[in-house]
Structure formats: C-alpha cells, structure tokens
Amino acid sequence: MPAPAVSPDSGALRKVVTASALGTTVEYYDFTLYATTAALVFDKIFFPDASPLIGTLAAFATYFVGYAARPLGGVLFGHFGDRLGRKNVLIITMLMMGLGTFAIGLIPSYDSIGIAAPLLLVLIRLVQGLGMGGEYGGGVLMALEYSPSSRQGFFTSLVHIGTPAGVLIPVGLVAALDATLPAGTYDSWAWRLPFLASILLIGVGIWMRLHVTESPQFVKMREDREVQSLPVREVLTRRPATVLFSILAKIAESGLFNIYYVVAITYVTTELDLAKGPVLLAVLIACAVECCTLPFFGALSDRIGRRKVYIAGALFQAALAVPFFLLMETGQFWGYAVGMTLGLGVGHGAMYGAQGALFSNLYPVNVRYTGLSVTQQFGATFGGGLSPLIGTALLSVGGGHWSWLIAYCVGVAVLSSLATTRLGAGEANVYSPGPAAPAALERT
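**Thoughts on the overall build of the protein chain**
The helix and strand tally for the protein chain stands at 19 helices and zero strands. Out of the 444 residues in the protein chain, the part that is buried amounts to 61%. Sequence-distant contacts in the protein chain: of pairs separated by 6 or more residues, those separated by 24 or more amount to 86%. For the protein chain, the accessible surface area stands at approximately 15,200 Å², while carbon and sulfur atoms represent 70% of it.

This is the structure we're talking about:
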C-alpha cells in the first residue's frame, strides 16, 4: 500500500531538518573530537607506557569500541523507533551521546588512577556507541518523511551537513586552543575543554527535539495498524540482499572519510613529524566546503538518480587515492587544503549527499528505522570504525609509507561502487511488502 503523500508545512519541515541536523552535529562532534584527541594526545594521557605509534593504535582501538556498539544500538533503537515513533527515541539517543562526550572531559589520566582511566574511557564509549547507533536513522527519517518525495535527496542532505559541521566545530576548537595557549597546555589539560563545551550543543539539540512533532508517515502507518512486532526479523529475513549490499556500499563513504581526516592527521604529525596546525586548518576549510557541496549533491541526486551520484563519488575517491597522499607529502598547507577539499568536499560529499534518500528508500516505512540503522551502523563499523586501525597498521607495515594504504583506499571505493550497482530501487514510500513505486524507481 503506498504511503500517504505528505504536504509538509514549510515551518514544520524547517524545524525538523534543523533538529535532525543538530543531532548529526552532536554525533560527529563527539566522534571527530574523540578521533582528533586520540590522534594527538590520548596515547600520552591514557597509554603513556607505549611507543607513540602503539599508543595511537591503542587510542584508536577505544575509538573503535564506540563504533562496535553502534550496530546493537541501531537494532535496539530502530526497534522502538519503528514501533513507538521516531521523536522520543531521538531525545534519548542525543542524551546518551552528549552526556558521554561531557563525561570524557572529566576522566582522570592514567597517571592519576591507573588502569581505571582507559577502562572508564571504554565504558563511556560503549554507552555513546549505543546512542549513536539509534541517532542517524531517526534523524534522517524525520527529514525524509516530512519532505516532498521529489526533494528527499536535498532535505536529507541538509541533515548530513551536521557531519562536516560536527568536524568543523571541534577541529576549530582544537586548532584555536593549540595556537593560543602556551606550549604543552593543550596536551596536559586543555584537551578537556572541547569535551566539556559539548553540553551547549546538547542543550540546544534537546530543546529543538522537544518542539517537533512525530513523522506524518509513521503516524499514518500506525493508524493503519501496519506496525511490525519484530522489525529486525522482517528486515533480515525479507531483505537480506538489500542489507548486505547496502552495508558494503556504506563502507567506502564512512571509511574514506576517516582516512582523509583521522589517518591523514596521524600520518602528517607522527610519520612526517610536522606541525598539526596547518593540517587541522586544511580540514576546517574542507569541511566548510562540504557544508556547501552536500546540498548540491543531494539536489543533483533528486534530478539524475541517487545511485549515479553515489557511485560517481566512490570512483572519484578511488582515483584520488594516490594524488591525496602526494599532496600530504608536500608538507605544505596548500597541499593539505587541496587534498582534503577534494576528498571531503567532492568525493565524500557526493556519496554522503545522495546517501540519506538512497538508503532510506530501500526499506518500507514500518521497518525503515531498523533497516536504515542496520545499514548505517554495520557499514560505519566496518568502514569508519576499522579504517583508523587498518590505516595506521598499514602505515606501520609499510614503514611509514602509504603504498599499502593506497590499496586499501582504492579497494573499498571499488567495492562500494560495485555494491551500489546491486541496490534495487527499494520499497520507497511503502509500509507493507509490495512493489516499489515507479517514482522511486526513477530516482534511484
């Protein structure tokens, strides 16, 4: 049965998109801030007895813990989001994410409390990962299910602006603290300040979410008594190929994002032993550019097809792999800025701009929160969660050279592009098993 056509009030749509984008900002504020601090100081704070590279690997392992918990959080909160509604779940997930970020800023160092310090870090990352697992699906679906079907790519891409914004804000804070405070201050205690400042974002985000109404498509589906008792079973048993190929399609988007940002910073500051200020500034510029390119690619996906834009972004990044690291090796700000902007603003921007509408429309409304969360969180875990570990390990195997890392970047980009070709049109705007709507076929 086709989902109802939605004619959203422009003010309500604006409020929903803003609230969803704020949630994405909080999510990536945490992950970016954690990844940046892990690359720069966590080896000294929580793993002081290890060598710099091994300490960085240990810090990235705790980073991965947060990713590892996300699939469970996606299934858990996807279940309640599909059965009880999107709005209330999103308030809970934001609290779990935001308060966890704040708490990390309060953890004593290894020198103060010993092994309890990294253990507390892991525990908080687990809680955050559960919350983040449920955040993405609900935020994107609120925007998608309020949007006109012909502009879903555009409006979901606006939610995705929270990702580069969530990078821009913490990297800007880290760069400003590092540049203005006396030498060694950031490494000793000032790294905590951006974690504590996250409480401001949480407050604004919660206030916004308390003032939005439930998704109209979910309300209609519930009125028609199409709620599934166990959404994850419906997703995994009725759509196994969709789940598999969408997860593979997600890997490059998430994984290469962290290669450009996390691993590149580690490479420049650890292997090349260069200052972190210029490369952090380059990331800021690239993220500012991506805030502008995301809605462009989202709108383009509405016009020419989401798979086409997504595949083009993946293949662009495969071609960029060698030039990107050559630009990093220049040791110059202009090289960092060009490489980061091409990687984040163009390659990642194309994939991410099309992704929300592409993946959401693979699943019917009554299991959409669960299906999208499974796709997103397993794909992000295998991609973004593992890529800092894999990238750092490949740099170590290569003796500090990036040749092995290039093979990884090209490999995941090609894998994801091939998987995307296998994604069908999906059951867009359908909340019980049935044929896909023709309009969805055209846009996908």
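Having seen it, we continue.
**Side note on the packing of helix α12 (residues 240-271) against helix α18 (residues 403-421)**
Contact pair α12 / α18: the axes reach a minimum separation of 7 Å and the direction vectors enclose 150°. The angle between α12 and α18 places the two elements in the roughly antiparallel class. Along this stretch, α12 crosses α18, giving a crossing that reads as left-handed. Of the residues in α18, those touching α12 at Phe245, Leu248, Ala249, Lys250, Ile251, Ala252, Leu256, Ile259 and Val263 are Leu405, Tyr408, Cys409, Val412, Ala413, Leu415, Ser416, Ala419 and Thr420.

**Describing the nonpolar core**
One finds Phe42, Phe325, Met340 and Leu405 to be the most contacted residues of the largest nonpolar core, which totals 119 residues. The leading source of residues in this core is helix α1 (residues 10-46), at 18 residues. The contact partners of Phe325, leaving out residues within four places of it in the chain, are Ile259, Tyr267, Trp402, Leu405, Ile406 and Cys409.

**A closer look at the confidence of the model for the protein chain**
Any segment with low pLDDT has predicted coordinates that should not be analysed in fine detail. Here the protein chain averages 83 in pLDDT, while 89% of its residues score no lower than 70. For the stretch residues 1-7, pLDDT sits under 50, and the model shows 20 contacts to residues farther than four places along the chain or on other chains. Counted against residues more than four places away or in other chains, residues 425-444, with its pLDDT under 50, gives 61 contacts.

**So, the packing of aromatic side chains**
Tallied over the entire structure, the rule returns eight aromatic pairs. Between Phe154 and Phe155, the ring centres sit 5.2 Å apart and the planes meet at 70°, which makes this aromatic pair edge-to-face. Considering the side-chain rings of Phe378 and Phe382, the 6.3 Å spacing of their centres and the 45° angle between planes classify their relative orientation as tilted. You can see Phe378 and its partner Phe382 sitting in helix α16 (residues 368-385), four residues apart, about one turn around the helix. Accessibility expressed as a relative area gives 42% for Phe382, which makes it partly exposed. The rings of Tyr260, Phe324 and Phe325 are connected pair by pair, giving a single aromatic cluster.

**Focus on a nonpolar patch on the surface**
A surface patch of nonpolar side chains, about 380 Å² in accessible area, is lined by Ile113, Leu120, Leu123, Leu126 and Val127. Of the residues forming the nonpolar patch, the biggest block, four residues, is contributed by helix α5 (residues 116-146). Position of Leu123 among the secondary structure elements: in helix α5.

**Describing the side chain of Glu214**
By the element assignment, Glu214 lies in the loop between α9 (192-210) and α10 (216-223). Engagement of the side chain of Glu214 in a polar contact is seen with the backbone nitrogen of Arg86, the distance being 3.0 Å. There is a polar contact of 3.3 Å between the side chain of Glu214 and the backbone nitrogen of Lys87. Setting aside its immediate chain neighbours within four residues, Glu214 contacts Leu84, Gly85, Arg86, Lys87, Met142, Tyr146 and Val219.

Conventions and cut-offs
Numbers given for residues are sequential positions, taken from 1 along each chain in its written order. Two thresholds apply to this predicted model, a pLDDT of at least 70 for residue-level local features and 80 or more for giving and counting side-chain atom pairs, whereas whole-chain, interface and lining totals are computed over all residues. Each side-chain value is derived from all of the structure's non-hydrogen atoms; neither hydrogens nor water enter the calculation. The way it works is that DSSP assigns letters per residue, a run of H or I at least four long becomes a helix, a run of E at least two long becomes a strand, and they are numbered from the N terminus. Residue exposure (1.4 Å probe, protein chains only): buried if accessible area is under 20% of the type maximum, exposed if over 50%, otherwise partly exposed. Here a residue-residue contact requires only that any non-hydrogen atoms of the pair lie within 4.5 Å. Reported accessibility uses the Shrake-Rupley method at a 1.4 Å probe radius. Residues are deemed covered only where the shown protein chains occlude them. Between N-to-C directions, angles span 0 to 180 degrees; the directions come from axes that are lines fitted to C-alpha atoms, helices contributing only their stretch in contact. If an angle is under 35 degrees, it is roughly parallel; if it is over 145, roughly antiparallel; if it lies from 65 to 115, roughly perpendicular; otherwise it is oblique. Each crossing gets its hand from how the near helix is turned against the far one by less than a right angle, where anticlockwise is left-handed and clockwise is right-handed. To form a nonpolar core, buried Ala, Val, Leu, Ile, Met, Phe, Trp, Tyr and Cys residues must be joined to one another through side-chain atoms within 4.5 Å. Per-residue confidence from the predictor is given as pLDDT, running between 0 and 100. The criterion for an aromatic pair is that two Phe, Tyr or Trp rings (for Trp, the six-membered ring) have centres within 6.5 Å, with stacked assigned to planes under 30 degrees apart, edge-to-face to planes over 60 apart and tilted to the rest. For patch detection, residues must exceed 30% relative accessible area and be free of salt bridges, and they are connected within 9 Å for like charges or within 5 Å for nonpolar side chains (Val, Leu, Ile, Met, Phe, Trp, Tyr). When a carboxyl oxygen of Asp or Glu is within 4 Å of a side-chain nitrogen of Lys or Arg, the pair counts as a salt bridge. Pairs of N or O atoms within 3.5 Å make up the polar contacts considered here, provided that, within protein, one atom can donate a hydrogen while the other can accept it, and that residues adjacent in sequence are counted only when both atoms are side-chain atoms.

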